Protein chains: 2
Amino acid sequence: MIAELRAALGDTGVVTDPEVTASYERDMMPLAPYGSPLAVVLPRTVEEVQAVVRACARARVPIVPRGAGSGLSGAANAVDGCVVLVTTKMNAILEIDPDDRLAVVEPGVVNLDLRAAVEKHGLFYPPDPSSYDWCTIGGNLSTNAGGLCCVKYGVTTDSVLGLEVVLADGEVLRTGRRTVKGVAGYDLTKLFVGSEGTLGVITKATLALRPLPQAPATLVAAFSTTAAAGAAVSRVVREGIVPSLMEIMDRSSIEAVERYLRTELGAGPGCAALLICQSDAGAEAGRRELAAIEQVCASSGADLVHSTDDVSEGRDLLTARRAVLPALEVYGAWLTDDVCVPRTRIAELIGGCERISAEVGLRIAVVGHAGDGNMHPTIVYDAASEDEFARARRAFDEILALGLSLGGTVTGEHGVGKIKREWLAREIGPVGLRVHREIKNALDPHHLFNPGSMFDAR
Amino acid sequence: MIAELRAALGDTGVVTDPEVTASYERDMMPLAPYGSPLAVVLPRTVEEVQAVVRACARARVPIVPRGAGSGLSGAANAVDGCVVLVTTKMNAILEIDPDDRLAVVEPGVVNLDLRAAVEKHGLFYPPDPSSYDWCTIGGNLSTNAGGLCCVKYGVTTDSVLGLEVVLADGEVLRTGRRTVKGVAGYDLTKLFVGSEGTLGVITKATLALRPLPQAPATLVAAFSTTAAAGAAVSRVVREGIVPSLMEIMDRSSIEAVERYLRTELGAGPGCAALLICQSDAGAEAGRRELAAIEQVCASSGADLVHSTDDVSEGRDLLTARRAVLPALEVYGAWLTDDVCVPRTRIAELIGGCERISAEVGLRIAVVGHAGDGNMHPTIVYDAASEDEFARARRAFDEILALGLSLGGTVTGEHGVGKIKREWLAREIGPVGLRVHREIKNALDPHHLFNPGSMFDAR
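Since this is a predicted model, take the numbers as computed values, not measurements. (Residues numbered from 1 in each chain as written. Chains lettered and ligands numbered in written order. Predicted model: local features only at pLDDT ≥ 70, side-chain atom pairs only at ≥ 80, totals over all residues. Heavy atoms only, no water.)

Asker: Requested: an account of unusual backbone geometry, with residues and values cited.
Answerer: For Glu196(A), which is not glycine, the phi torsion reads 55 degrees and is therefore positive. By the element assignment, Glu196(A) lies in the loop between α7 (188-192) and β10 (201-208). Judged by its relative accessible area of 3%, Glu196(A) falls in the buried class. In this structure, Ala283(B) takes a positive phi of about 45 degrees despite not being glycine. Secondary-structure assignment places Ala283(B) in helix α10 (residues 283-299). (Helix = DSSP H or I, 4+ residues; strand = E, 2+ residues; numbered from the N terminus. Buried < 20%, exposed > 50% of the residue type's maximum accessible area, 1.4 Å probe, protein only.)

If you want it as structure tokens, here you go:
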């Protein structure tokens, strides 16, 4: 089979040196199991992807598709004896059509590169996962990635018009369309988005672009209790305000970032939570939105509210928000969870994380997308200590149980991968799992694609 | 089996009188074939739906689910010997949660009733198909219905968080969630939305609500060529303006409406196309949006542009727009098509419809949702004339061929049903069709649900 792969992709497209293939074994999730691939392939065209899929199908060798490997669920982790199919060489932006506001891209395009390219046309590709400067569109599509934009612009699936996918028998499926509207047939596009490489290999995507938003105005509010911050979020939602960004940082996150960046976020010593909000509505509308949020924060008991339309000041605040994970590395390894709860339950989630932190004796910093209820409680542990790792894992699971008990979901944007299979089963129940299996078995009867990820297909 | 149905649903829940069942044989699409049902059932609970599905599955009797029957594709049309499952008695709005901005409804709720109910909480359910005063949410979900709102707010699928569905073996599947964000597992919600009753019976839906928009400001612009109107639409898109509504009426539509409503739309005698736009951004932002559109229209060669923030004047213009179909009845029966093209191709579509009209010798009025490229060329014919009916049918097909040749899709919001099966096959190709069959056969192996609709499952 390796010879067949080399014949199709050339020597540079097939890697079997274990020292090199090892660097394609896993993504960024420390909890997830991973194995050793037989080979790593780096196809450059859809025809090469077809050749890989057909060769693997004949040899019954599983394929694990992956992009840059920035994932946080182990969905891209190799299994023993598999072929890892890396899409990073398929990185052409094939088309940007400003008149119809769409782009056609290959899966290996880096999110930031696409953002920069369309921005030159006054256009905007919203999905902005925290790894946006190195993650690929293919990985974003496979995990249905989110980011800070979601409160106003949704997750990746909301920006996808159509896909090209190589199926388990090597045939090429084209889903969707170039029109912004269309309901012909089953929505296969949105079935493949978020399917984490278990149904096929995405080789091309037609993406919907938006007008470039106005320069954002920014607001930061400090609260002495998380309950007050949670109440402010609920009231913003209740009053129908839709900011373009609404992030929350708890006390642990603030402390870590202030220490890491050697800066003051102005939260003050009694601060339990910071809200950072932006409006990209522009000019008067933006000022009105922020003024409304300011009033909500004040009447929810904020100790301090500060608004600015200085773009660089806003950028600094977002830099601080995005620095939470590296900042936590000062204390140890981090393990970030991903739960999404109804927006009314955020304060309860944060309170619960404080309890879990005390129980397991580990620091848990809560940071997240308050505007859509998607929280990332991040557990800090000593990677050299088995005991701490075990406690971190326990905390990780307890946070998921808490999220479910609050009416939430076990993943808001990172996906299920190899770490939340049991949690997916718990969330969707036996009938949901059965339907997943029926679809998987219909489209990938020999379990060629990413076996063992998301759910047990058998 | 009928006895079994009566035992489960009571006598009032099962109708076999042919005079009554005849009224449930078909929807509003004159081209679509339909048959005579064995029985019509009107379940009131999910348990009753399960009982119907199980009884039919045992007896291998097909089920055609339907709501009010306002559909325009024959998707709800009976086949001979089937059970028509009508959801109109399941019409409870189970919950409106203003804090988390969602509603939970049964499928038989009328669209307008839901809109009115959530409006009392300052909330907005966007999908507004033209039959919104009598169509049901279940039908909207099954066809992935659209309306005038789509240019800004998308189609039905964009407002759905989760579903409850009775599957082919009578089990209840729950998809999705109550959070605004969530990526756990395959997106089964969006797979069932738009599946036109071929995969299961939707018995409950959790819908995302939006803040009630501001009172709309309205603009109307008259153009002496459709090319100029099309250019204006393209430039609005290109300049990144997102109106909350952007409709187009061609000369035939304007004439029909002016005659029908005995009013002047102010288009003038040389007018080839009217654009009607609204902004619901409110106050200054709304005025700015309309001013930008006004400038685009003027520089695209509009003969007349008129803006108003008088709500009742805006409502009158929309009434005129919505009156196109009844207005055409003065001339004969109407047959409305549904194609969606890239927004840059609207003028070509209208021009093509003029050619087709001349070819078949029938009036074709083009009206549609210009902002998203979704056009409804409507053919007027004499229902008593077989020849005219045949020519209408030919025009219907030629419009679809034209739409596809312009890079469009054969349905923007009405669905495939029983009239566009061959067109769906043509649009999605053999691999697309195969994947549809694989999913259908996996979830409904005995082809219990809506056989012969959308595609041939065999």
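Asker: Got a sec to walk through the interface of chain B and chain A? Specific residues and values, please.
Answerer: With 79 residues of chain B at the contact, the number on the chain A side is 79 residues. Interface area, chain B with chain A, both sides summed: about 6,100 Å², of which 62% is carbon and sulfur. The largest per-residue losses of area from chain B upon contact with chain A belong to Lys181(B), Val183(B) and Tyr186(B), which jointly make up 16% of the total buried on that side. When the shortest N-O distance is used, the salt bridge between Asp99(A) and Arg238(B) registers 3.8 Å. No other element matches helix α15 (residues 421-443) of chain B, which puts 12 residues into the side of chain B that touches chain A. (Contact = heavy atoms within 4.5 Å. Buried area = accessible area lost by both parts, 1.4 Å probe. Salt bridge = Lys/Arg side-chain N within 4 Å of Asp/Glu carboxyl O.)

Asker: Give me helix α8 (residues 226-238) of chain B: which residues, what numbers.
Answerer: Residues and elements named next belong to chain B. The first and last C-alpha atoms of α8 sit 18 Å apart over 13 residues, in line with the 18 Å expected at 1.5 Å per residue. Residues of α8 that are buried: Thr-226, Ala-228, Ala-229, Gly-230, Ala-232, Val-233, Ser-234, Val-236 and Val-237. The positive-phi residue at the C-terminal boundary of α8 is Gly-240, with phi of around 80 degrees. (Expected span 1.5 Å × (residues − 1).)

Asker: I'd love a proper account of the packing of aromatic side chains, names of residues and values included.
Answerer: To describe a pair of aromatic rings, you give the distance between the ring centres and the angle between the ring planes. Residue and element names in this part refer to chain A. This structure, assessed with the given rule, holds six aromatic pairs over all chains. Judged by centre distance (5.3 Å) and plane angle (80 degrees), the ring pair of Phe-124 and Tyr-153 falls under edge-to-face. Of this pair, Phe-124 sits in strand β7 (residues 123-124) while Tyr-153 is found in helix α6 (residues 150-153), placing the two residues 29 residues apart along the sequence. Tyr-153 carries the same exposure label as Phe-124, and that label is buried. (Phe/Tyr/Trp six-rings, centres within 6.5 Å; stacked < 30°, edge-to-face > 60°.)

Asker: Go over the relation of the copies chain B and chain A with me, naming the residues and quoting the values.
Answerer: Mapping chain B onto chain A is achieved by rotating through 180 degrees and translating by 0.0 Å along the same axis, at an RMSD of 0.0 Å. In symmetry terms, the pair is related by a two-fold rotation axis. By residue overlap, the copies meet face to face through one surface: 100% of the interface positions of chain B are interface positions in chain A. (Least-squares fit on C-alpha atoms with pLDDT ≥ 70 in both.)

Asker: Break down the sheet that holds strand β5 (residues 93-97) of chain A for me, with residues and values.
Answerer: All names here are of chain A. Across the sheet, which stays open at both edges, the five strands sit in the order β5-β6-β10-β8-β9 with antiparallel pairing between neighbours. The open sheet has two edge strands with one neighbour each: β5 and β9 (172-176). Taken pair by pair, the neighbouring strands of this sheet meet at an average axis angle of 10 degrees, ignoring direction. As judged from the six bridges shared by strand β8 (residues 160-166) and β10, these two strands associate in the antiparallel manner. Along β10, the bridge assignment pairs Gly-162 with Thr-206. Relative to β8, helix α3 (residues 46-59) is tilted by about 50 degrees, and along the sheet it contacts β8, β9 and β10. Helix α4 (residues 111-119) rests against β5, β6 (102-105) and β10 of the sheet, and its axis sits at about 35 degrees to β5. (Pairing = 2+ DSSP bridges. Axes fitted to C-alpha atoms, helices over the stretch in contact; angles between N-to-C directions.)

Asker: Please provide a residue-by-residue account of the pairing of strand β12 (residues 217-223) of chain B, values included.
Answerer: Residue and element names in this part refer to chain B. Judged by how many residues are buried, β12 sits mostly within the fold: seven of seven residues are covered. Neither face of β12 is left uncovered, since the one carrying Ala-217, Leu-219, Ala-221 and Phe-223 and the one carrying Thr-218, Val-220 and Ala-222 both have all their residues buried. Summarising the sheet, β12 and strand β15 (residues 304-308) pair through five bridges and their orientation is antiparallel. Bridged to Thr-218 within β15 is Thr-308.

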